[in-house]
Amino acid sequence: MSASQVKPCGMGEWLTGSTKMTDEQSAGNKDSGQPPPKWVLKAFTRVNVWVYRLSGGRLMDKLAGDPICLVAMTGAKSGRRRIIPLMYVPDGDSVLLVASQG
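This structure is a prediction, so every number in the text was calculated from the model and none was measured.

**Quick notes on the overall build of the protein**
- For the protein, the count of helices and strands is two helices and six strands.
- Moving toward the C terminus, one meets the helices and strands of the protein in the order β-β-α-α-β-β-β-β.
- Buried positions account for 16% of the 102 residues belonging to the protein.
- Carbon and sulfur atoms make up 55% of the accessible area of the protein, which amounts to about 8200 Å² in all.

Below, the structure written as structure tokens:
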């Protein structure tokens, strides 16, 4: 591939001479709107909790720029105790917890 040819991520066609994509081409690179697989979310959650606890809350303490807190809960069916990171947003004198899977 020469320096003047660029293959954009996710695109099957070659652009020649310019690294800029048209609006139509960049639309093909947009997120599909699908959440990541569950195993990815579970792995990230475990790593997030581990790093957060190990660092005393100094690392991996934000999600999308907002602070997180660790919430402990017990599974309704399994009875297992789980600790999950949730984003929280101050709302006056209270706090909103945000739970979302992707």
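**A short note on the pairing of strand β4 (residues 66-74)**
- Here strand β3 (residues 62-63) runs beside β4; their pairing, made up of two bridges, is antiparallel. Each bridged residue has a counterpart across the sheet, and for Lys62 the counterpart in β4 is Pro67.
- Between the antiparallel neighbours β3 and β4 lie two residues, among them Ala64 with a positive phi of about 55 degrees.
- Judged from the seven bridges that link them, β4 and strand β5 (residues 81-91) form a sheet pairing that is antiparallel. Bridge pairing links Ala72 to Ile83 in β5.
- Between β4 and β5, which pair antiparallel in sequence order, lie six residues; one of them, Gly79, sits at a positive phi of approximately 75 degrees.

**A closer look at the sheet that holds β4**
- In spatial order, the strands read β3-β4-β5-β6; together these four strands make up an open sheet with antiparallel pairing. The two strands at the open ends of the sheet, each matched to only one other strand, are β3 and β6 (94-98).
- In the packing of helix α2 (residues 38-54) onto the sheet, the strands contacted are β4 and β5, and the crossing angle to β5 comes to about 75 degrees.

**Describing α2**
- Along its 17 residues, α2 runs 24 Å from first to last C-alpha, staying within 8% of the 24 Å computed at 1.5 Å per residue.
- Check the buried side of α2 and you find it contacts β4 and β5.
- Of the residues one or two after α2, Gly56 is the one with positive phi, at around 70 degrees.

**With respect to the side chain of Asn48**
- Among the secondary structure elements, Asn48 is positioned in helix α2.
- With sequence-adjacent residues up to four places away left out, Asn48 is seen in contact with Met60, Ile68 and Pro85.

What counts and what doesn't
Residues numbered from 1 in each chain as written. Predicted model: local features only at pLDDT ≥ 70, side-chain atom pairs only at ≥ 80, totals over all residues. Heavy atoms only, no water. Helix = DSSP H or I, 4+ residues; strand = E, 2+ residues; numbered from the N terminus. Buried < 20%, exposed > 50% of the residue type's maximum accessible area, 1.4 Å probe, protein only. Areas by Shrake-Rupley, 256 points an atom, 1.4 Å probe, with all protein chains shown as cover. Pairing = 2+ DSSP bridges. Contact = heavy atoms within 4.5 Å. Axes fitted to C-alpha atoms, helices over the stretch in contact; angles between N-to-C directions. Expected span 1.5 Å × (residues − 1).

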